[in-house]
Amino acid sequence: MIIATAKDIIKSFGVEVILNGVSFHINENDKIGLVGINGAGKTTLLKILANRISYDRGELFISNNLSIGYLEQNSLFDSANTIYAEMLSVFSDLIDLEKELRNMEREIALLSSQNQNTDKLLASYSHKMEEFQKKNGYGYISEIKGVLNGLGFSSDYMDKDISTLSGGEKTRLSLGKLLLKKPQFLILDEPTNHLDMESLQWLEQYLKTYNGTVLIISHDRYFLDQTVSRIFELENRILNIYEGNYSTYLNKKENLKQQELKLFEKQQKEIKKQEEIIRRLKQHGTEKLAKRAKSREKLLDHVEVLEKPSGSSHKISVHFKPQLQSGKDVLTVHNLKKTFENKSIFRNVSFDIKRGDRVCIIGPNGVGKTTLLKIILSSIKPDDGEILIGHNVITSYFDQEQKLLNDNNTVIEEIHKDHVLYSETQIRSILGAFLFRNDDVFKQISVLSGGERSRLSLLKLMMSNANFLIMDEPTNHLDIESKEIFEKALLNYSGTLLIVSHDRFFLNRIPNRILELTETGINEYLGNYDYYIEKKKLLEEAQADAPAEAYTKTRKREEIKKEKERQLEQKRKRQNLLQLESEISHTEERIKEIQHEMCKHEVYSNEEKSRALHMESSELKAKLEILYNEWETLIEQ
């Protein structure tokens, strides 16, 4: 059943059009992810659906009596209640019904003791009891505790005053209250903000089984993969719809763009061909040929010229190379310990990082991940243990506050001051790859958004010529497109990475090792996030099945050996891919050169030269087809 339909919705703020002809339908129990770059109009569309703002033109139908729950981004609320009392208020009708049942029980007992007729009262009691049970009257307290616990509020929080909570805690509490209300249409704007990994996993499972329709804005791509089965994409003020989760949407969008690009290139080739024919017909000067040229011009004027599709994500590529290669041993951490105010944060922390490693640190909030990075950077002293930095290691650090940006500079000045040998064209090209385009490069840093400041800080970091990059939550504040570009830059980076992150999609793409920081030390996993989850689950199952069995050094060595073999195979695959891509590039370049040569008068007027170049071009195109087939086969393995 369709619960909401929109047709040609238009919304403007002043002279700026935000939504232009947006159309869609939403079915009952749909799970939808709404994506698009910052400023695309995602929150505006949610507010229209939640009846918080009006639209200018178009039609919007929403089912009668549909209960809608809307979580605004960074939603805060003020209340004099404790956390538990606030959550309990959601069930006020049920609590009143429970009180009414208790009163009826007492009245039935009294009438029975007086031998009076209770049939009518019992019938009413039975009806109300059925309603009470249907509304989960015996389970709502457990439900409150389950939702609060899932969102990171332990039993210690129940009696806390809401006024004492942080902004992030209040946002989580708003989400919890909304989930307990169970609206038929749940609209969530960035619900994953302020959630740790355990809470994210809980929310994913909750939404998967939610008995209602869900529409979510989120920059957490892994979360979208786990929770939605449709993607609404806002791009260039219109809405595109894709069936499937986020990863499916990415593949479909890329394939669609490639098809559009091929059609555009084919049409452009045909237009140029017709223009060349017209030019040649005109240059002969005869009346008959001039008429043919005019006829062709009329046909060409009526052709509906396709717009060039916006650049494919695969076309956006930026490479950064460290100025100096470090030694093989980059970092050794031995037996670190840190306490604050006599409270142990972590202890027995030991690990090492080799040149070329991409290591991500994960762990619950408050376990000391940022503290560990600052100890490595010597800005905080440990209570015990040692840090050894390797030979020729040049370190650069990204923190979440972007303290190294000068608010008085423009974007282009901020980059140019550290790279004076770069031309303005080179700097604008690099800035363009990180989405600072056209007049954006002249923006004052003081007026940049949080996402723009993060992008600029990350670009400075990548251009710093350091060979060991240390980053603390680098994808915070980035929209999805910025994350994709940043990840691609990191994958092309030949230095060493140490990153704290809770972005699970990022954790699947970037690291070859994951370090789980706990209060008692480090647990190491030789793979990405999915490998970490799988391995952790296997270990927990093994411990549950055979608690007495020791995890021996032999087994660990075997695991390490297998993982190294897997990494070696991946390295071979990457090398083969690079070689193929290089060969494809050279072949395409030669085909372009031949096409350019064949346009020269001295070539196309010489039959022998023209034939030779045509044959070479045909052979190269056949070779290119084979190379692309090999590349596709390798990339899908």
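Notes on the structure follow. The residue numbering used here restarts from 1 in each chain and proceeds along that chain's sequence as written. Where totals are concerned, whole chains, interfaces and linings use all residues; where local detail is concerned, this predicted model gives features only for residues with pLDDT of at least 70, and gives and counts side-chain atom pairs only at 80 or more. Side-chain measures here rest on the full set of heavy atoms in the structure, leaving out hydrogens and waters.

Starting at the N terminus, helices and strands are each numbered in turn, a helix being any DSSP run of H or I of at least four residues and a strand any DSSP run of E of at least two. Across its full length, the chain holds 20 helices and 18 strands. For the chain, the spread of C-alpha atoms along the three principal axes comes to 120 × 70 × 55 Å. Throughout, a contact is declared for two residues whenever any of their heavy atoms are within 4.5 Å. In the chain, the share of contacts with a sequence separation of at least 24, taken over all contacts with a separation of at least 6, comes to 69%. Total accessible area on the chain stands at roughly 35900 Å², and carbon and sulfur atoms take up 48% of it. Lys and Arg are tallied as positive, Asp and Glu as negative. Neither His nor the chain termini are counted. The atom standing in for a charge is NZ when the residue is Lys, CZ when it is Arg, CG when it is Asp and CD when it is Glu. Distance from the positive charge centre (91 side chains) to the negative charge centre (97 side chains) of the chain: 3 Å. Per-residue accessibility takes into account occlusion by the displayed protein chains alone, with areas from the Shrake-Rupley method and a 1.4 Å probe.

Take a nonpolar patch on the surface next. Judged by side-chain polarity, V420, L421 and Y422 come together as a nonpolar surface patch covering roughly 350 Å² of accessible area. Mapped onto the secondary structure, V420 falls in the loop between α12 (411-416) and α13 (424-433). What goes into a patch is any residue over 30% in relative accessible area without a salt bridge, connected to like charges within 9 Å or, for nonpolar side chains (Val, Leu, Ile, Met, Phe, Trp, Tyr), within 5 Å. When a carboxyl oxygen of Asp or Glu is within 4 Å of a side-chain nitrogen of Lys or Arg, the pair counts as a salt bridge.

Working note: regular strand, side chains alternate between the two faces of the sheet. At least two DSSP bridges between two strands are required for those strands to pair. Summarising the sheet, strand β17 (residues 513-518) and strand β18 (residues 521-525) pair through five bridges and their orientation is antiparallel. Across the sheet, L517 pairs through a bridge with I522, a residue of β18. From the end of β17 to the start of β18, which pair antiparallel, there are two residues.

This brings us to the sheet that holds strand β15 (residues 468-472). One open sheet accounts for six strands, arranged β14-β15-β16-β12-β17-β18; its pairing is mixed. Both outer strands of the open sheet, β14 (395-398) and β18, are each paired with one neighbouring strand and no more. Along the sheet, successive strands turn relative to each other by an average axial angle of 20°, direction set aside. A fitted line through C-alpha atoms serves as each axis, taken over the contacting stretch for helices, and the angle formed by two N-to-C directions is quoted from 0 to 180°.

This brings us to helix α4 (residues 119-134). What a helix is expected to span follows from its residue count: subtract one and scale by 1.5 Å. In this model, α4 (16 residues) spans 23 Å end to end at C-alpha, consistent with the 22 Å of a helix rising 1.5 Å per residue. Relative accessibility under 20% of the residue-type maximum defines a buried residue, over 50% an exposed one, and the middle range a partly exposed one, all with a 1.4 Å probe and only protein chains included. Listed as buried for α4 are L121, Y125, M129 and F132. The buried residues of α4 occupy one face: seen down the axis, they fall within an arc of 70°. Pointing more than 90 degrees away from the buried face of α4 are the exposed residues D119, K120, H127, E130 and K134. Elements that come into contact with the buried residues of α4 comprise α3 (92-113). Where α4 terminates, the next one or two residues include N136, which has phi positive at roughly 65°. Each C-beta atom gives one direction from the helix axis, and the arc is the one those directions make.

All right, on to the packing of aromatic side chains then. A ring pair, where both rings are aromatic, is described by two values, the distance of the centres and the angle of the planes. Two rings from Phe, Tyr or Trp (for Trp, the six-membered ring) form a pair when their centres are within 6.5 Å of each other. A pair whose planes differ by under 30 degrees is stacked, one over 60 is edge-to-face, and the rest are tilted. All chains considered together, the criterion is met by 13 aromatic pairs. With a centroid separation of 6.1 Å and 40° between ring planes, the pair formed by Y206 and Y210 is classed as tilted. A relative accessible area of 18% means that Y206 is categorised as buried. Given a relative accessible area of 7%, Y210 falls into the buried group. On the basis of an interplanar angle of 45° and a centroid distance of 5.7 Å, the ring pair of Y529 and Y532 is categorised as tilted. Of this pair, Y529 and Y532 both sit in helix α17 (residues 529-545), three residues apart, which is roughly one turn of that helix. Each member of the aromatic cluster is reached from another via a ring pair, and the members are Y222, Y525, Y529 and Y532. In our convention, an over-ring charge means Lys NZ or Arg CZ found within 6 Å of a ring centre and within 35 degrees of that ring's normal. Above the face of the F436 ring, R455 is positioned so that its terminal group lies 4.7 Å from the ring centre.

It is characteristic of soluble globular proteins that their nonpolar side chains tend to be buried jointly. As used in this record, nonpolar core signifies buried Ala, Val, Leu, Ile, Met, Phe, Trp, Tyr and Cys residues forming a set joined through side-chain atoms within 4.5 Å. Counting residues in hydrophobic clusters, the biggest one holds 95 residues, and the most contacted among them are L173, L188, L207, L431, L456, M471 and L490. Top element by residues in this core is α3. It accounts for seven residues. The contact partners of L207, leaving out residues within four places of it in the chain, are K31, L186, L188, V214, I216, F223 and T227. Counting 26 residues, the second largest nonpolar core, distinct from the first, contains I9, A40, A50 and I217.

Here we come to the pattern of salt bridges. A complete count under the given rule lists 37 salt bridges for this structure. For the salt bridge of E487 with R221, the shortest nitrogen-to-oxygen distance reads 2.4 Å. Of this pair, E487 sits in helix α15 (residues 480-492) while R221 sits in helix α8 (residues 221-227), placing them 266 residues apart in sequence. Each member of the pair E487 and R221 is classed as buried.

With that settled, consider the sheet that holds strand β11 (residues 343-354). Taken in spatial order, the three strands line up as β11-β10-β13 in an open sheet, and their pairing is antiparallel. If you trace the sheet from one side to the other, it starts and ends with β11 and β13 (384-389), each paired once. Taking each pair of neighbouring strands and ignoring which way they run, the sheet shows an average axis angle of 15°. Strand direction decides the pairing type here: strand β10 (residues 329-340) and β11, joined by eight bridges, are antiparallel. Looking at the pairing, V333 lines up with F351 of β11.

Moving on, we get to the pairing of strand β9 (residues 238-243). Relative to β9, strand β8 (residues 230-235) is paired through six bridges, and the arrangement is antiparallel. Looking across to β9, one finds that L234 is bridged to L239. The antiparallel hairpin formed by β8 and β9 contains two residues in its connecting segment, where N236 sits at a positive phi of about 55°.

Our focus in this paragraph is the packing of α3 against α4. Between α3 and α4, whose axes approach to 10 Å, the crossing angle comes to 155°. By the angle between their axes, α3 is roughly antiparallel relative to α4. Pair α3 / α4 crosses with left-handed handedness. Together, L94, L97, E98, E100, L101, R102, M104, E105, E107, I108 and L111 of α3 and L121, L122, S124, Y125, K128, M129, E131 and F132 of α4 make up the contact between the two elements. Here the angle decides the label: under 35 degrees means roughly parallel, over 145 means roughly antiparallel, 65 to 115 means roughly perpendicular, and every other value means oblique. Crossing handedness is defined as follows: a turn of the near helix away from the far one that is anticlockwise and smaller than a right angle gives a left-handed crossing, while the clockwise case is right-handed.

Okay, the environment of G69 next. One can find G69 in strand β5 (residues 68-71). Under the relative-accessibility criterion, G69 is labelled buried at 4%. For the pair G69 and L175, spaced 106 residues apart in sequence, the C-alpha separation works out to 9.8 Å. When residues no more than four places from it in sequence are discounted, the contact partners of G69 are L178, P183, F185, L186 and I187.

At a closest axis distance of 8 Å, the pairing of helix α5 (residues 140-150) and helix α7 (residues 197-208) adopts a crossing angle of 130°. Between α5 and α7, the interaxial angle falls into the category oblique. Contacts between α5 and α7 involve G146, V147 and G150 on the former and, on the latter, S199, W202 and Y206.

Limitation: the analysis is restricted to geometry and does not speak to function.
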